[in-house]
Structure formats: C-alpha cells, structure tokens
There are 4 protein chains.
Amino acid sequence: MIVAMQENATEDQIQHVIAELVKRGFEVHRSTGVTQTVLGAVGAKVDFDIRDIEVLPAVGQVHRISSPYKLVGRTFRPEGTEIRFRNGLTIGGKEVVIMAGPCSVESRAQLFSTAEAIAAAGARVLRGGAFKPRSSPYTFQGMGEEGLKLLREAGEKYGLLVISEVMEISQIDLMEPYIDIYQVGARNMQNFNLLRELGHSRKPIMLKRGISATIEEWLLSAEYILSGGNYNVILCERGIRTFETFTRNTMDISAIPICKKLSHLPVAADPSHGTGLRDKVAPMARAAVAAGADSVIVEVHCAPEKALSDGAQSLYPNQFAELMDQLRVIAPAVERKIA
Amino acid sequence: MIVAMQENATEDQIQHVIAELVKRGFEVHRSTGVTQTVLGAVGAKVDFDIRDIEVLPAVGQVHRISSPYKLVGRTFRPEGTEIRFRNGLTIGGKEVVIMAGPCSVESRAQLFSTAEAIAAAGARVLRGGAFKPRSSPYTFQGMGEEGLKLLREAGEKYGLLVISEVMEISQIDLMEPYIDIYQVGARNMQNFNLLRELGHSRKPIMLKRGISATIEEWLLSAEYILSGGNYNVILCERGIRTFETFTRNTMDISAIPICKKLSHLPVAADPSHGTGLRDKVAPMARAAVAAGADSVIVEVHCAPEKALSDGAQSLYPNQFAELMDQLRVIAPAVERKIA
Amino acid sequence: MIVAMQENATEDQIQHVIAELVKRGFEVHRSTGVTQTVLGAVGAKVDFDIRDIEVLPAVGQVHRISSPYKLVGRTFRPEGTEIRFRNGLTIGGKEVVIMAGPCSVESRAQLFSTAEAIAAAGARVLRGGAFKPRSSPYTFQGMGEEGLKLLREAGEKYGLLVISEVMEISQIDLMEPYIDIYQVGARNMQNFNLLRELGHSRKPIMLKRGISATIEEWLLSAEYILSGGNYNVILCERGIRTFETFTRNTMDISAIPICKKLSHLPVAADPSHGTGLRDKVAPMARAAVAAGADSVIVEVHCAPEKALSDGAQSLYPNQFAELMDQLRVIAPAVERKIA
Amino acid sequence: MIVAMQENATEDQIQHVIAELVKRGFEVHRSTGVTQTVLGAVGAKVDFDIRDIEVLPAVGQVHRISSPYKLVGRTFRPEGTEIRFRNGLTIGGKEVVIMAGPCSVESRAQLFSTAEAIAAAGARVLRGGAFKPRSSPYTFQGMGEEGLKLLREAGEKYGLLVISEVMEISQIDLMEPYIDIYQVGARNMQNFNLLRELGHSRKPIMLKRGISATIEEWLLSAEYILSGGNYNVILCERGIRTFETFTRNTMDISAIPICKKLSHLPVAADPSHGTGLRDKVAPMARAAVAAGADSVIVEVHCAPEKALSDGAQSLYPNQFAELMDQLRVIAPAVERKIA
C-alpha cells in the first residue's frame, strides 16, 4: 500500500500515520520529496480497509498495490487452466467449446429436438434452466428436478455435456447427479455463501459476471470458489449495465482479453443475455471468439416463437448452424479451432 | 401494449401481428395513419415478454403501457402507507425517523456505548449487522445470533427499535424474536426466493435498492414482498453505480421524490453506504430529508477508528448529534418534524 | 405518439389532452379499454417535446413512435451507402478498409516511417492529428497546418488516403486541400454548429460516437450533417463511459450491428481509443471485423515509446502487420475481404 | 508517481524502469519488500502520460500521486473564493444566491413577466438562453443578440444580474456588454479552445459539469479557465448520465460537498436540467442547499405550457415563490441564508 501525504502535512501528522500503519502490522518505507512525503507500507492483510488510513489527518491518497485476489491471478498458474471432462473435452485449451440450448427446459419434446439440432451443428455442451426465479412474481418458474433429469437424458443421447444454473445452496446436492457444470448467474455473483459451498464441489463452475460488477469484483468472487478448493472455474462475460438502452446490456468484449491476462481461468461469453436480441447474437458470438474467448454459450430453441422464456433472444437451429460455420472460419485467426 | 408497425409494413404483416396478439389473449385496437399503422393491445398478462412481438416481421417499436407492478403503485393506496410499531412510532407519516448504529455488532461494550449515544441524540431505531458476508473471502463475518441478542437487549435498554440485515431464508426464523425490521441488502434485492419468504412475515421489511437496479426493478422487487401479503415495506436508496469513482456509489437523491410519487411505500435513505465517506454522510443525510425522505439510516460507531468494518464511513457520536440538530432545522421546510 | 392515460383519468381530463394534441397539429385516435384509455397521435413534428404532454393531468405515459431521424435511417436507403473515393476505394461495400497512423503528426521522419510501414502491411488510409487540444492545459497541442501538409505528402508517396480531425469551423477551409476524410472527435459529436458546416462539405465525414452518447443521439448528430446535403458519413464506435475503470472506455461492439440495422451509413471502429491499452487493440479490432464493421482505424507509431501522445495505445508496426494477417482470416466469415 | 513492479520482476527489469523514469526527469526512490519492489518517482510534469510507464515490462501498477490540477485546488486558496459583483452580491460567501428565468428568451413579454415574478420572490440573477443549438436540426434556435438586449434591459428594470450561455468563441465579444456571468454548458465543458478564451475575460464563468465528466475532469476544465487568469469560476452540477432512465440525468448531489472540499471555487446546482421533470425540481433544489451549494439556478417561465423549449421542466412563478420560502427554512441548517 502507498500512502501519499498532503503537501502541507506536518512531521507530527506523518509520524501519526506511520504509527497507525505499524500498529496494523505493516512494514513502512518512507520517501521524502521536495514537496511531498510518500509512505510505502508492505505486508497488508487482504481484508484491510484502506479507508481506515484515508481518513487520517493530512493523508492525500492511498493506493493498494497488491491485488486483492491470489489464487485466480495469472501469476498463480502462468500456463493457464485447462478444465478436462470425462469425455475428453477440455475448456481453456486449444479448442473453443460451444454450449447451446434453450433458456428453460420446457418439455421432453422441446429439449430433445433442440439438443439434436445443436449436437448436429457441433455444440458440445447442452444448456437449459431448471429453476427460473424471475423478476416478476407472476411468471413461469421452471420444471425443477424433472428438468434436470431431461437434461441428463438428452445429454447422454446426443453426446453432450450438461450445464445448468444453481440458485441456492439447497439445490447443489440435488443437481450434482445430473449436471457436468454448475452455472452461477449474474445475480448470484456476490452470493458469497453459495460461492463458498461451490468451492467444495468437484465439478466445474461457470461464474457469470454481475451486470454491475467490475472485473476486479468478478475475480474476487471467483477467488471465493478457488479458496474452497475448487480450481475449475470458467468466467463468463454476459453484458454490463450502461446508459445505452438499445440492448438489455452492453456486452463488454474487452473483458475477454483482460481476464485472459489477469487470470489463468478460462473465459466464456454469453451473447444471448449480453444483447437480449436474436439478430445481435451471431455478431457478438463471432466477436467473442475473435477476441479470444475459450467458450461461447448461446440460447437456441427448436421453436423460439413458442418459448416460455427468452424466445426473443433464442436462435433458430438453422441460425445456430450458420453461426457455427462462421466461428470455424474465425477461430484460426487466433490459432484455435472449434471443438 | 402499443405496437407501432414500420412505415413500409404490408397489410399481411399487420394482420399477422394482430393474429399473434389475439392468440395471446389481447383485445386489439387499430389506428391507421397516413404513414404508419399503430396497434393498441389491451389485456396483457404481467409476465408477457414484449420482445415476442418485437421480433415479428415489420414491427417497429413495442411499448408496454400498464405498469408491471400493481400492489406497490401509488394508485393502490393513494393516501400512502404508514407503518406503525408497537411503541407508537410510525414510518411514512408526518415524522421523519432516524435510524443509527454500527455497521456490525462487534461486542457488548461497542454496541451499548453506541446505542446510548444515538438514543440521547434522538435516533429511534438501532441498526447493526449480525451476519457479514464480505466481498473478500478472508474477512470478519459477524457475530451471528449472539449479535442479535445484544441488539435486542440494547434496544430494550435505550428505548430503540431494532433493524438488522437478513441474508438467507434460513436466517428469518432465527432473527424473528430479536428484530423489529428486517433489512434486505442491495445484493439481495433480486433474491426472489428470499423476498417471497419475507412476504409471509408480519414484520416490516426495509428493501435496499440494488446498486445497478432501475427504480422500476426496485419496485418490482417490493411487489414480490407485497404479493406474499406483507405490505409493510420501506424502500431505501443507498447509491447506484456510475462512472464516477470519487464516491463508492452515487447516491440518487432524486429517487426519493420519484418513489414517493410512483408508490405509496415509505422511502428511506442510507447516506453512509451511499457515499462511503464519513464527511459526505451529513450533507447527504440533510439532502435526503430536504428531498422528502421518510427515514434516514446512518452508520455511527462509538470509536470508528477501531471499527471492524466500515469505520471510514461511520460518524462519531458527536457528529451524529450535530447532524440531528441540522435535520431538525430542515424538516419543517417539508412540513415534517424529526420523530 | 402514443399517450396512455392513467387508469383513474376522468373524461374531462381525457378531452383536455385530446384538445392539447389537436392544438399542436396532431390527428388523434382513441382506444378505450376496460381499465385504461390510450390515445394515438399522428403527425408530430420532429421538434415536439413529448414532456409537454407528459405533464398534463392524468397522463400516464407518452411514447414517441416515429424515429427522430429521417435521412440516416435504413429505410431512407435500404441498400446501404457506399462511399467512393477518387482512387477507387469504397467504404461500406464488400471490402473492409483499414486506416492506421499515429495519434499526432510529430515530424516528417515519424510520419513517413509510420506511413511506409502501414502501407506495406495493407492499410489504405493514413490517420494523424494536426490539432491536439488536450484535457490538460499544459500539453503538446499539435503541428497545425504543417502537419496537414506532411499528411498529404506522405499519403501521396505511399498511396494512402488521408483522414484527420477537425475541431472548429475555422479549420474546415484550412484542412480541405489536404485531407480526404474529416474526422469529428467524440467531444464534438454534439457540436451542432460544426456539424452543420460539415454538411456543406463534399468530403466524407467520420463521426465518432460521444463517450456518453446513446445510439439514437449519435444518429441524430449524423442527421445534422446529412440534412446539410453531405450524405457521406461514416459512423465510428470508439468506446463509451461505464463504471468499469480497467479500460479507459468500454468499447460497445454491439453498436456495430445495431447501427448497420438502423442506418444505411457505413460503420467503423476505433479499438485504440476504445480500450486505451496496446495489448487490447488487436483483440478488439478482430472483434469489430467479426461483428461486421466496414472499417477499422488503429493507432500505429514507428516508435510508440517515443510518441508525444497516446504512445501506450499505439501498435508497433510489426504488431499491426500481424493484426492485418488475422483480419484477412476473419473477414470471409462475414463474406467480406480486407481492401 | 508510484510504480509497483510485478512480484516476479527481475533486477534488470527494475533497472530498466528506473532508467526510463530518470530519463523523463524524475527523481526515483526505491522500496524493496519481501515480495515486491515499489518505486516512488517525484517531479512529474503535469502532461506526463502514466501509461508510458505502465507498458514497460514487469510493471504492475502505476498511480499518479500529485493532483493534475493546481490553481483550482483547495490548497491554493484555503479560505475559498468569493465572487463579488458590482451591486454588492457575492457568490461563495455566507449567502446562497438563487438564479432563475426561462430556458430561452422568447419575447419581451415572456421575459419581463418572468423576471418580475422571480425578482419579487427573491431571485438575484436572471437566466435566459439567447443561442439554442439543439440536438435535432429541425428546432427553434434562439433570438441571438436581440435576446441578450432584452436580458440586460429586464435585469436593469428588476435589479437582477444576468447570466446567459456562451457556445462559441465568436459570441464572447458579442455577449460581453450584456451579461454579468458567462455560462458554459455541459456539452462545452471540454471545449478547451473556448475555455482558454474565457480565461482572458474578466467576467465570472459558470462551468457546468459534462454529463459524463468525472469530478476530476471537471476541475481540470476549470483549471483551463484559471490558467488564463480568470479566477472567478462557479462550478455547476447539473446531472450525470447513468443507467437510470426515469430522469433525464441523475443529479449528483454528493458532487457538491466533494467539490467544496477539493476546490476553493463556489459550487452551484441546476435541478431543472438535473432532473428534467418539473415536480422534481423543488425537492432537488432543497437537497442542493441542504448539501451546501453556494447557488441554485432554476428554470422558471411565466407560462411553462407555452414555452418554446424545456417547458416541462420549468416552474410556474408561484411554485418558484413557494420553493424560495422552503430554501429560507433550510439555509440556516448549514449556517447560511438566502441572499
């Protein structure tokens, strides 16, 4: 931590700040310039609140130097994390993995029809929501465990891994037999109790970015999971809230290369929620792969106009197949191929 | 709902949209202008996704007319909601109620010393956190039930009601005997399962605005609680995330008069989290009362420099007393007085 | 325009609103539903302020139906605009045009060395600033006309068109002989007097999006130029201001397909200003082309570590050549090629 | 400036960074901790781009210590700036000055009727726009010099000072004889050429905050004016752009106490543009005074329903008079009175 004293700080005030730092266990280095004194404090605990120093008299600015996360940082595992699944698929390696499926599992017919189509087009993971708490109290709330069973069955039949969203601690054990990847939604990105429990699971977690989360906050949430012992976390950019209202969210494509640099974790992108508009999904999926994403997760529905939720942002199967062809052209530009 | 067709829409396309609306149970009114056809659709269900119409061919724009909330709207109870407590205090009436106390309950000595000071200055409700999941996995996590007991005891001793944050469904029953008001934090504003359970409680709920929640989303979250039967909800503005980084959040003072107009629910303000900076708390507390807030909740600590959390935004007891004096001057400007 | 009356509106209040609309020249259609009356008003002038109706008694919501721009809309020229230059280059057609060069023209040696390198790598337009008003009053302010002359000379020598930023009306005539495209910077996006003057120029204008401009405001600024008679406008996305501080701005890649749909104008992307970080420029340039951009403008400097401005976001020539190779791989995915 | 090296930085890399700093004229202090080396660099020029160091190998983070502005900083004039006018009025002292008037000067009758009403209610400065470039190219553009003459005449008649917006350098000389305060609008906050010219004027400048300007950028724009020799600048908060769309802008009331602390300049607030909604103007005006504003500027129109611009956010004269009464109650809470 660096403490820059105000230009008019007195020696007494400087000594007071030094004493406060030492009391908190810091080792202090002092630099006295012509106009200003700067203190370097080494040995901060992660939970230190820098505002405790900021409010001391004659303190100008305080900057934290060490990053607040440890396990998720790129330096912890410079070669990057590759998550390997039982069927040989890896996420975070040379291959870009495409996940697809409906927003919600609605019925056997809907799910199997969609799963067959996405598998034929080249997707490797099947997505589908079983629990759907919605922002209005008056809406469809998901099929629950029955939906999970259908996902597992469809996955087996079409050779797809399965990802589904977990919303509460109580759902973890219920979901465990059915899914290959737990998805944590944007609204739960800072549900720390849930994250801590998932840290004890041995299955990979896809952690979506909160719509108003900074990249640092997002990585700190991932740290919760890793600190519990589960190192298989996939970060997933899905749009942030900005002043622009044309799209539901503004998809932050630049977060992809940034996370790849700051962290060793694989990075995915969700252009369906990132835009909320069907005809913007393919352009943003292409952009994500071009920017270096390790995975893309896309909402596809066998009949979007009949979907119980998010039909307007779901691709038709033939649109998805066309997108897959485009992604196969783009991947080599970043020395990748589609899995 | 209003559907504005594109200027070049064909009659077939218009008929297709009408058919889709009718299929969904709408009654349709058609207005044909010189350049454009506009359809009025009456009878929408609350859970209707307007994007299902937006994606139809030749549709220009779709606007929802009816508000997505019912019970929280001002028209539901034009005279406004007054929440009455067993000791005669009311929130939402002529008196402005000040709540104060430490971020976290840390010890008996800390809590009682603080409670005594705020009661003497004129606060009517004691705040204090018992559960403190933090954004870093490496920090102080609260005293739990022991903290709740201390809150109750201090409240009794100094004639204060008690408010504390509930973070999970499992904590509701545990907290019930100890507190007078449940607080739902900004991160849980869209934890719909929690909100639904709180709808079955008979104790008032203070619902904080999420840092990236629009006012409409916030009111819709309140609707979850009211739809469960609990009409005693207090909205609490506590700052939104913007590009400005000087303060932790930008406190949206204008949300106070807006919510008072849109809804019958009382509106509170939290200038401590709204700014994150001690010397900005008093100005923003004054601003909130001047703008029409029914309540203000402020972090006060008997010794902020020793606080285990949020010390930098906690007032000293004498600062709080001074603030109370200022608020007593301001309240009459809006035909109120401090409770 | 659609006016939704409040549910409890009286017949007198409805008649008052109708009268106000008729007074303003609207033709009014009325739809009376079970709970609510909705008025459709046709014939609005573009400069109508809908708030004048919003403030009338018992009015619930007012929505503008017709878009506020005319000439820039896709329906005005459904086939899209292709801007043709004297040397046969077109922007907005099948070919994606890459523009490159230094932030500022600093010297003949710097400019010619950079121009030679970018031409060799495949750029077709040379960029470079001659006027550099900066956010600090104490910095390098550009070479002025001497810089423009160098740009022209370098362009001729290496077969490149020339683009440079115009900041004031008084510079238009000065720049005219030297440049092929005027660039309007983000800060001038709503300098309407400047835009109006540029509407009388016969040279193409690249109009950058303001850092807090909605897409609608951006298109309305373009409308200013077109309404003066100059239809050759290139929209350029260059990042918007959000809460994320890791990058200078958040580049809104989704604005590219959105603008392509809403407008017939070509759309460019500036990943250098969009990110402000050298190692994020190539990923975002690739993303832009993958998302459908018609042009990309990139800062390249023969020796970025010596640049007088923006060195940290400028590519080295070899990095730019590598990027060009990647873009040649990606363009066919969107049925384009690099010019 | 502080340069924190990455944890794995080699001695060669550290020496390279030191050399680069020295080359740029810095004096360098080195602190070597157990895990990390930190360099303190003293003597930076204001125009130094810290990204030039950020991009060097093995550099972790770079923080600027000294503030980028000098003349506007509170330390430059700790007692605060009081701007004195020929009629004895001061802005920045014990008295809070209220400015009011129409958005645009529309006619003699409109202006004089409004001026009479606001003077009677206690306003001390008359506002009114003479030049009105609008975001649509198809709207009313102002009365020009004729409007300025009317302002001057109305000001003389009713004992009011006059403020009006300057939009271009060419208008400065034209406006000089008619106005007492130049207003710089939000869109021109970073029109540095205009700011530099106004730095040579001897009349006070009210500098509005840009809708997406950080407080630091705003103060740096004020620095442009002061660095030209004109120290009489009034900062004016008028709302920032956020994700919330209920109001046109989100008025950042906390910017008032922040600017009062960072700078010696007086701070005003514009609740009319800050909210864009008539019934939110009074609450936010009260909030601004309660938070410590030195001045409030409010749009008032003798007949808002007939206003050519911004009628929906203009107060009726009787509403303004009522607001003045409320402000007189509030001001003593901050040891002020209404001028």
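It should be emphasised that the depicted structure is a prediction, and the values quoted were computed from it without experimental measurement. (Residues numbered from 1 in each chain as written. Chains lettered and ligands numbered in written order. Predicted model: local features only at pLDDT ≥ 70, side-chain atom pairs only at ≥ 80, totals over all residues. Heavy atoms only, no water.)

1. Here we look at the overall build of chain A
Broken down by element type, chain A carries 11 helices and 15 strands. Viewed in the frame of its principal axes, chain A has a C-alpha envelope of about 75 × 45 × 40 Å. Looking at chain A as a whole, 65% of its 339 residues are labelled buried. Taking the contacts inside chain A whose residues are at least 6 apart along the sequence as the reference set, 68% of them involve residues at least 24 apart. For chain A, the exposed area adds up to about 11400 Å²; of that, 49% sits on carbon and sulfur atoms. (Helix = DSSP H or I, 4+ residues; strand = E, 2+ residues; numbered from the N terminus. Buried < 20%, exposed > 50% of the residue type's maximum accessible area, 1.4 Å probe, protein only. Contact = heavy atoms within 4.5 Å. Areas by Shrake-Rupley, 256 points an atom, 1.4 Å probe, with all protein chains shown as cover.)

2. Brief notes about the state of the cysteines
Residues and elements named next belong to chain D. If you walk through the whole model with that rule in mind, you get zero disulfides over all chains. You can see C103 has no disulfide; the closest cysteine sulfur is in C302, sitting 13 Å from it. When its relative accessible area of 4% is taken as the criterion, C103 is described as buried. (Disulfide = S-S within 2.5 Å.)

3. Remarks on the packing of aromatic side chains
For the coordinates displayed, the defined rule picks out 12 aromatic pairs over all chains. Relative to Y231 of chain C, the ring of F76 of chain C lies with its centre 5.9 Å away and its plane at 40°, an arrangement referred to as tilted. Residue F76 of chain C is located in the loop between β4 (59-63) and β5 (83-84), and its partner Y231 of chain C is located in the loop between α7 (215-227) and β12 (233-237); the two are separated by 155 residues in the primary sequence. The residue whose ring lies beneath R108 of chain A is F112 of chain A, and the NZ or CZ to ring-centre distance is 5.0 Å. (Phe/Tyr/Trp six-rings, centres within 6.5 Å; stacked < 30°, edge-to-face > 60°. Lys NZ or Arg CZ within 6 Å of the ring centre and 35° of its normal.)

4. Some points on the packing of helix α3 (residues 108-121) of chain C against helix α11 (residues 317-330) of chain C
Residues and elements named next belong to chain C. At a minimum axis separation of 9 Å, α3 and α11 run at an interaxial angle of 20°. Relative to α11, the element α3 is oriented roughly parallel. The crossing of α3 and α11 is right-handed. Residues A117, I118 and A121 of α3 lie in contact with α11, whose contacting residues are P317, F320, A321, M324 and R328. The residue inventory of the contact of α3 with α11, partitioned by class, reads seven nonpolar, no polar and one charged. (Axes fitted to C-alpha atoms, helices over the stretch in contact; angles between N-to-C directions. Parallel < 35°, antiparallel > 145°, perpendicular 65-115°, else oblique. Left-handed = near helix turned anticlockwise from the far one by under 90°. Nonpolar A, V, L, I, M, F, W, Y, C, P; charged D, E, K, R; others polar.)

5. Some details on the sheet that holds strand β3 (residues 37-42) of chain D
Residue and element names in this part refer to chain D. The four strands lie next to each other as β2-β3-β1-β4, forming an open sheet whose pairing is antiparallel. The two strands at the open ends of the sheet, each matched to only one other strand, are β2 (27-32) and β4 (59-63). The mean inter-strand angle of the sheet, taken between neighbouring strand axes irrespective of direction, is 20°. Here strand β1 (residues 2-5) pairs with β4 via four bridges, running antiparallel. Bridge pairing in β4 links M5 to V59. Contacts from helix α1 (residues 11-23) reach β1, β2, β3 and β4 within the one sheet, and its direction differs from that of β2 by about 155°. (Pairing = 2+ DSSP bridges.)

6. Observations regarding the domain arrangement of chain A
Domain annotation of chain A identifies domain 1 (2-66) and domain 2 (83-338). Here the C-alpha centre of domain 2 of chain A lies 44 Å away from the C-alpha centre of domain 1 of chain A. (Domains from an automatic or database assignment.)

7. Considering the relation of the copies chain A and chain C
Here chain A sits on chain C after a turn of 180° about the axis and a move of 0.0 Å along it, with an RMSD of 0.0 Å. The relationship between the two copies is best expressed as a two-fold rotation axis. Among all residues of chain A, the one whose C-alpha sits closest to the rotation axis is A287 of chain A, at a distance of 2.0 Å. Interface overlap between copies: 100% of the residues of chain A at the interface are likewise at the interface in chain C, consistent with a symmetric, same-surface contact. (Least-squares fit on C-alpha atoms with pLDDT ≥ 70 in both.)

8. Side note on the sheet that holds strand β1 (residues 2-5) of chain C
Residue and element names in this part refer to chain C. The strand order β2-β3-β1-β4 describes an open sheet built from four strands, whose pairing is antiparallel. Each edge of the open sheet is held by one strand with a lone partner, namely β2 (27-32) and β4. Ignoring which end each strand starts from, the neighbouring axes of this sheet average 20° apart. Strand direction decides the pairing type here: β1 and strand β3 (residues 37-42), joined by three bridges, are antiparallel. Directly across from A4, in β3, lies its bridge partner V38. Against the sheet, helix α1 (residues 11-23) touches β1, β2, β3 and β4, its axis set at about 155° to β2.

9. Considering the environment of E237 of chain C
Residue and element names in this part refer to chain C. One can find E237 in strand β12. Between the alpha carbons of E237 and P271 there is a distance of 8.5 Å; along the sequence they are 34 residues apart. Setting aside chain neighbours within four positions, we find E237 in contact with R209, W218, T250, M251, D252, A255, A268, A269 and D270. At 2.8 Å, the side chain of E237 and the backbone nitrogen of D252 are in polar contact. (Polar contact = N/O pair within 3.5 Å; in protein donor to acceptor, adjacent residues only side chain to side chain.)

10. Let's talk about the environment of E116 of chain B
Relative to the assigned elements, E116 of chain B resides in helix α3 (residues 108-121). Sequence spacing of E116 of chain B and K157 of chain B is 41 residues, and the spatial spacing of their C-alpha atoms is 8.7 Å.

11. Some thoughts on the side chain of R241 of chain C
For R241 of chain C, the location among the structural elements is in the loop between β12 and α8 (255-262). With relative accessibility at 15%, the residue R241 of chain C sits in the buried group. A distance of 2.6 Å separates the side chain of R241 of chain C from the backbone oxygen of S212 of chain D, its partner in a polar contact. Separated by 2.6 Å, the side chains of R241 of chain C and E217 of chain D make a polar contact. Residues in contact with R241 of chain C, not counting those within four places in the same chain, are F243 of chain A, F243 of chain B, I211 and N249 of chain C together with S212, A213, T214 and E217 of chain D.

12. A few points about the side chain of S314 of chain A
All names here are of chain A. Assignment of secondary structure puts S314 in the loop between β14 (295-299) and α11 (317-330). Polar side-chain contacts of S314 include one of 3.0 Å to the backbone oxygen of D310. Setting aside anything within four residues of it in sequence, one finds S314 in contact with R278, E299, V300, H301 and P304.

13. What about the environment of E79 of chain B?
All names here are of chain B. Residue placement: E79 occurs in the loop between β4 (59-63) and β5 (83-84). Looking at E79, the relative accessible area reads 63%, which means it is exposed. Each C-alpha atom of the pair E79 and L39 lies 35 Å from the other, and the pair is 40 residues apart in sequence.

14. Some details on the interface of chain A and chain C
In this complex, chain A contributes 36 residues to the contact, which on the side of chain C involves 36 residues. Summing both sides of the interface, chain A and chain C together bury roughly 2800 Å²; the carbon and sulfur share of this comes to 73%. The largest contributions to the chain A side of the interface with chain C come from F243, E244 and A333 of chain A, which together make up 19% of the buried area. Between chain A and chain C we count four salt bridges in total. Note that D279 of chain A is salt-bridged to K261 of chain C, the shortest N-O span being 2.9 Å. The interface formed by chain A and chain C includes eight residue pairs in polar contact (both at pLDDT 80 or more). Its residues assigned to classes, the side of chain A that touches chain C comprises 21 nonpolar, seven polar and eight charged. (Buried area = accessible area lost by both parts, 1.4 Å probe. Salt bridge = Lys/Arg side-chain N within 4 Å of Asp/Glu carboxyl O.)

15. Some points on empty space enclosed by the protein
Under the defined criterion, the tally for this structure stands at four cavities of 30 Å³ or more. Of the volumes computed, that of the largest cavity is approximately 140 Å³. Surrounding the largest cavity, 16 residues form its lining, T242 and F243 of chain B, T242 and F243 of chain C together with T242 of chain D being those nearest its centre. In terms of residue class, the lining of the largest cavity is made up of four nonpolar, eight polar and four charged. There is about 50 Å³ of room inside the second largest cavity. Along its surface, the second largest cavity is lined by I2, H29, S31, V38, L39 and G40 of chain A together with I2, H29, S31, V38, L39 and G40 of chain D. At the level of elements, β2 (27-32) and β3 (37-42) of chain A together with β2 and β3 of chain D are the ones that each hand at least two residues to the lining of the second largest cavity. Across the lining of the second largest cavity, the residue classes tally to six nonpolar, six polar and no charged. (1 Å grid on protein atoms, 1.4 Å probe; cavity = no way out; pocket = protein on both sides within 12 Å on 5 of 7 lines; lining within 4 Å. Points joined across faces, edges and corners; volume = space filled by probe spheres on them.)

16. Here we look at unusual backbone geometry
The residue E335 of chain A is not glycine, and still its phi comes out positive at about 55°. Tracing the backbone through its elements, the reader meets E335 of chain A in the loop between α11 and β15 (337-338).

17. Some points on the confidence of the model for chain A
For chain A, the mean per-residue pLDDT works out to 91, and 95% of the residues sit at or above 70. In the predicted complex, the global pTM is 0.89; the interface-specific ipTM is 0.89. (pLDDT = per-residue confidence, 0-100.)

18. So, helix α4 (residues 145-158) of chain C
Residues and elements named next belong to chain C. If you check α4, its first and last C-alpha atoms are 20 Å apart, about what 14 residues at 1.5 Å a residue would give, namely 20 Å. Listing the buried residues of α4 in full gives G147, L148, L150, L151, R152, A154, G155 and Y158. Close packing links the buried residues of α4 with α3, β8 (125-127), β9 (161-165) and α5 (169-175). Residue G159 follows α4 closely and has a positive phi angle near 70°. (Expected span 1.5 Å × (residues − 1).)

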